[in-house]
Amino acid sequence: MNLYFLTLLLCLPLVAHAYVGPGIGLGALMTLLTLLLAFAATLWQLVWQPLKRLFSKAPRQQAQEEQKEETGQPENNDDPDTSD
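This write-up is about the structure you can find in this document. (Residues numbered from 1 in each chain as written. Predicted model: local features only at pLDDT ≥ 70, side-chain atom pairs only at ≥ 80, totals over all residues. Heavy atoms only, no water.)

What follows deals with the overall build of the protein chain. Looking only at helices and strands, the protein chain features 2 helices and 0 strands. A total of 84 residues make up the protein chain; the buried ones form 1% of that total. Counting only carbon and sulfur atoms, one obtains 66% of the accessible surface of the protein chain, whose full area is about 8,500 Å². (Helix = DSSP H or I, 4+ residues; strand = E, 2+ residues; numbered from the N terminus. Buried < 20%, exposed > 50% of the residue type's maximum accessible area, 1.4 Å probe, protein only. Areas by Shrake-Rupley, 256 points an atom, 1.4 Å probe, with all protein chains shown as cover.)

Here is the structure:
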């Protein structure tokens, strides 16, 4: 395994005779930054949305029940004996 890496290192040039101008350099940097932000946003949505849904159900149901109590609307009962 070490022989493979040593051979690879010996085959690579020590100096790259290339120029990366400001346009290509900034373009590559912005592309990398965009990919990282897209990945972070995807992870954020995969984690945050289920948690948000989990924690928002209970308060929403409680608020609906409180609203029914305030307006005086009876709950929907399917029992025909109690309805008038």
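Our focus in this paragraph is a negative patch on the surface. Where like charges cluster on the molecular surface, the negative patch consists of Glu65, Glu66, Glu69 and Glu70. Residue placement: Glu65 occurs in helix H2 (residues 22-71). (Patch = residues over 30% accessible without salt bridge, like charges linked within 9 Å, V, L, I, M, F, W, Y side chains within 5 Å. Salt bridge = Lys/Arg side-chain N within 4 Å of Asp/Glu carboxyl O. Lys, Arg positive; Asp, Glu negative; His and termini not counted. Charge placed at Lys NZ, Arg CZ, Asp CG, Glu CD.)

On the surface, Phe39, Leu43, Trp44, Leu46, Val47, Trp48, Leu51, Leu54 and Phe55 cluster together to form a nonpolar patch covering roughly 1,000 Å² of accessible area. The topology assignment puts Val47 in helix H2. Judged by its relative accessible area of 52%, Val47 falls in the exposed class.

Another point: the packing of aromatic side chains. A ring pair, where both rings are aromatic, is described by two values, the distance of the centres and the angle of the planes. If you walk through the whole model with that rule in mind, you get 2 aromatic pairs. Seen from their ring centres, Tyr4 and Phe5 are 5.6 Å apart, and the 65° between their planes marks the pair as edge-to-face. Residue classification places Tyr4 among the exposed residues on the basis of a relative accessible area of 55%. Using a relative accessible area of 43% as the deciding quantity, one classes Phe5 as partly exposed. Pairing Trp44 with Trp48 gives two aromatic rings, centres 5.7 Å apart and planes at 15°, and the pair type is stacked. A residue pair is termed a helical-turn pair when its members lie 3 or 4 positions apart in one helix, as Trp44 and Trp48 do in helix H2 at 4 residues. Judged by its relative accessible area of 52%, Trp44 falls in the exposed class. For Trp48, a relative accessible area of 39% puts it in the partly exposed group. (Phe/Tyr/Trp six-rings, centres within 6.5 Å; stacked < 30°, edge-to-face > 60°.)

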